[in-house]
Amino acid sequence: MWVLLLLPFIGLLWVPFYNVATPALFGFPFFYWYQLAWVPVTALLTWIVYRSAGHGDEP
Amino acid sequence: MSVSADLDWTALSVCIFFFALVTVMGFGASRWQKGTADHAHLDEWGLGGRNFGTWITWFLVGGDFYTAYTVIAVPAQVYAIGAQGFFALPYTIVVYPIVFAIMPRLWAFAQRHGHVTAADVVYGRYGSRGLELAVAITGLLATMPYIALQLVGMEVVIKALGLTGELPLIAAFAILALYTYSAGLRAPALIAFVKDIMIYIVVLVAVAFIPYKLGGYGAVFDAAGQAFAQKPPTPPSGLVLKASQYWPYATLALGSALAAFMYPHTLTGIFASKSANTIRKNAILLPAYTLLLGLIALLGYMAHAAGVKPATPNDTVPTLFRTLFPGWFAGFAFAAIAIGALVPAAVMSIGAANLFTRNVWKAYVNPGVTHAGEAQVAKITSLLVKLGALLFILFAPVQYALDLQLLGGLWILQTFPSVVFGLFFNWFRAPALLLGWAVGFFGGSVIAYMDGLKPLHTVVIGGASYTVYVGLLAVLANILVAAIANVALRATGTGTARTAQGM
């Protein structure tokens, strides 16, 4: 499950993949909403790793 | 102090009200969250009793990592150059998987052995006074200009209120110094609640109200795009990156993320946590601030759409707020930014004081110092550190602080191998890590200096040239040299395993 934590690095550090203006969303060029979308996605991935490692039961 | 003609009394009154509020809270904080251990102890003054739970830590680290200077500087960069300034977003996203993977282990090790600083951890792990001192001095050097920058953030706001002269800044800082002296880490932890809630309100109102006034986000991006189209091709600017900016963007994001939690002020938030799980939960919850930062960054584009012409890029946010908001709300926003400077400045001075006390004073001056003595040394050091930063801002050009803060990021990144590697495996020896640190620290500084104190350095590999963050380059050299030296040490049998404390 720890491998999930590598996904944000791939998704955000491989810049040419997302360095485009379209498709826009709510007026935001792709470059912006794509990176903003990684914020909740990264939090979710981290939460999955947290649960799967059994930390949820610790104090 | 003199008062300029465009003084906004409403804004000033609101600002002073909130400043007075947090001053009272700061002095009252010494009684807050106090357990049974009320004796003078560095764990109490410098780490708030190591008892901060998930929410206190969330507010404290959020208030301390996303500094007032960020609120000023990130939109300023986005205003001036566009997409490249947005690297703060990927930086503050990928930092959290790093925190999640590393910091619970660091916390557990520190907690078990009573460590207060990163240099304590390094001494505990490797038993090397040399490596401990290198980590401590690096932390102190990197923190000083960072505190000075918080003052720059405050100065911008004070100027926007229409006040001139140095007296308001000196007064604000004197108050900060006194309540940090008396309440320690509890003061910024308590004030962080107020600061963070105020910043959330300001930003949520700004990102809803300003685009509404300016015709929506589409119109905001269009206006910024047109402004960039009329700019000269250098420095490159635009709504998306030029191909030449891919490497700078990615390496600045990664290098900054690796450095972020090596700073004394961020680590202080980690060490002060109640449990390892407090830190894990925060790695999941803290990205909420990153979302906020992304929206703050867009204020730079809103300034283009509003047709605001700031005197310098750093004036972008204050000018935008003064133009579009009524006086009372502009005052509220400026108070949020000014208080936003107090929290990190307090934690930074505490982190620096802890380093000096534990790794310089206790290690070299008075090894037999009592717990109460440690707390007293740290309190006085925190005053001196703040005084130093204030004098620096009053008497040295602001550009020095910016240049030193840039170097500070490079420097603090060089402590990463020494602080982190030992938490995961027991292969490296202290002399090898120290050599790697020296190469990264001095080599990186020289390269940055020769490049005219720019964060980017161009390397040519096989005919192709790559422009990358110099700090990342330096830490790669650091690790490489440490690894080679370590192989040599182990082959000759010198520098054998000397692990003072196991994991």
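Quantities reported herein were computed from a predicted structural model and do not represent experimental measurements.

Asks: Looking at this structure, I do not really get the overall build of chain A. What am I missing?
Replies: Regarding its fold elements, chain A presents two helices and zero strands. Its C-alpha atoms give chain A a radius of gyration of 15 Å, clearly above 10 Å, the size a compact globule of 59 residues would have. Overall, chain A is about 45 × 25 × 15 Å in size when its C-alpha atoms are taken along their principal axes. Counting all 59 residues of chain A, 29% fall into the buried class.

Asks: I'm lost on the overall build of chain B in this one. Help?
Replies: If you tally the helices and strands in chain B, you get 22 helices and four strands. On the principal axes, the C-alpha backbone points of chain B span a range of 70 × 65 × 40 Å. For chain B, contacts bridging at least 24 residues in sequence account for 83% of all contacts bridging at least 6.

Asks: Which parts of the structure should I look at to understand the interface of chain B and chain A?
Replies: Where interface size is quoted, it is often the accessible area lost as the parts come together. Between chain B and chain A, the contact holds 30 residues from the first and 27 residues from the second. Secondary-structure elements contributing two or more residues to the side of chain B that touches chain A are α5 (88-113), α10 (216-229), α11 (246-260), α13 (276-285) and α14 (287-297) of chain B. Ranked by residues supplied to the side of chain B that touches chain A, first place goes to α5(B) with eight residues.

Asks: Explanation requested: the nonpolar core in the structure shown.
Replies: Side chains that are nonpolar tend, in soluble globular proteins, to be buried together. All names here are of chain B. Core analysis: the biggest nonpolar cluster contains 198 residues, and Val99, Ala253, Phe334 and Ala338 have the highest contact counts within it. The element best represented in this core is helix α17 (residues 327-365), accounting for 21 residues. Ignoring sequence-local partners within four residues, the contact set of Phe334 consists of Ala11, Cys15, Val157, Ala160, Leu161 and Pro318.

Asks: Even after reading the chapter, I still don't get the environment of Ala11(B), so can you show me in this structure?
Replies: Residue and element names in this part refer to chain B. Within the secondary structure, Ala11 is located in helix α1 (residues 9-28). Looking at Ala11, the number of C-beta atoms within 10 Å reads 25, which means it is buried. Taking C-alpha positions, Ala11 is 56 Å from Pro431, a pair spaced 420 residues apart along the chain. When sequence neighbours within four positions are dropped, the list of residues in contact with Ala11 reads Leu161, Gly327, Trp328, Ala330, Gly331 and Phe334.

Asks: When you look at the pairing of strand β3 (residues 456-461) of chain B in this model, what are you seeing that I'm missing?
Replies: The two faces of the sheet receive side chains in turn, since in a regular strand these alternate between them. Residues and elements named next belong to chain B. The sheet contact formed by β3 and strand β4 (residues 464-469) spans six bridges and is antiparallel. By the bridge assignment for β4, Ile461 is matched with Ala464. The turn linking β3 back onto β4 is made up of two residues, and Gly462 within it adopts a positive phi angle of 55°.

Asks: Before we go on, may I ask you to explain helix α16 (residues 316-324) of chain B in this structure?
Replies: Two residues of an α-helix separated by three or four positions point the same way, owing to the 3.6 residues in each turn. Buried residues of α16(B): Thr316(B), Val317(B), Pro318(B), Leu320(B), Phe321(B) and Arg322(B), and no others. Buried residues in α16(B) make contact with α4 (68-81), α7 (129-160), α15 (299-306) and α17 of chain B.

Asks: How do you make sense of unusual backbone geometry when you look at a structure like this?
Replies: In most cases, non-glycine residues show a negative phi, while peptide bonds are predominantly trans. Residue Pro23(A) follows Thr22(A) across a cis peptide bond; omega there is 0°. Position of Pro23(A) among the secondary structure elements: in the loop between α1 (7-13) and α2 (30-52). For Phe26(A), which is not a glycine, the phi torsion comes out positive at approximately 50°. Among the structural elements, Phe26(A) can be located in the loop between α1 and α2. The class of Phe26(A) is exposed, set by 9 C-beta atoms lying within 10 Å. Its identity as a non-glycine residue notwithstanding, Arg50(B) has a phi of 50°, on the positive side. Mapping Arg50(B) onto the fold places it in the loop between α2 (42-47) and α3 (54-65).

Asks: Honestly, the environment of Thr67(B) in this entry has me stumped. Any pointers?
Replies: All names here are of chain B. The topology assignment puts Thr67 in the loop between α3 and α4. Judged by C-beta crowding, with 24 C-beta atoms within 10 Å, Thr67 ranks as buried. For the pair Thr67 and Ala341, spaced 274 residues apart in the sequence, the C-alpha separation amounts to 6.2 Å. When sequence neighbours within four positions are dropped, the list of residues in contact with Thr67 reads Gln150, Gly340 and Pro344.

Asks: Explain α2(A) here, please?
Replies: For α2(A), with 23 residues, the first-to-last C-alpha span of 32 Å sits near the 33 Å given by 1.5 Å per residue. When the local axis directions of α2(A) are compared, the greatest deviation, roughly 25°, occurs at Val39(A), which is followed within four positions by the proline Pro40(A). Of the surrounding secondary structure, the elements contacted by the buried residues of α2(A) are α1 of chain A together with α5, α13 and α14 of chain B. Remark: Gly54(A) follows α2(A) within two positions and exhibits a positive phi of approximately 80°.

Asks: Explanation requested: the confidence of the model for chain B in the structure shown.
Replies: For residues with low pLDDT, the predicted coordinates do not support detailed interpretation. Per-residue confidence for chain B gives a mean pLDDT of 89; residues scoring 70 or more make up 96%. Across the predicted assembly, pTM comes out at 0.92 and ipTM at 0.95.

What counts, and at which threshold
Residues numbered from 1 in each chain as written. Chains lettered and ligands numbered in written order. Predicted model: local features only at pLDDT ≥ 70, side-chain atom pairs only at ≥ 80, totals over all residues. Helix = DSSP H or I, 4+ residues; strand = E, 2+ residues; numbered from the N terminus. Rg over C-alpha atoms; globule rule 2.2 N^0.38 Å. Buried ≥ 20, exposed ≤ 12 C-beta atoms within 10 Å, placed from the backbone. Contact = placed C-beta atoms within 7 Å. Core = buried A, V, L, I, M, F, W, Y, C linked by C-beta atoms within 7 Å. Pairing = 2+ DSSP bridges. Expected span 1.5 Å × (residues − 1). Bend = angle between axes of the 7 residues up to and from the residue. pLDDT = per-residue confidence, 0-100.

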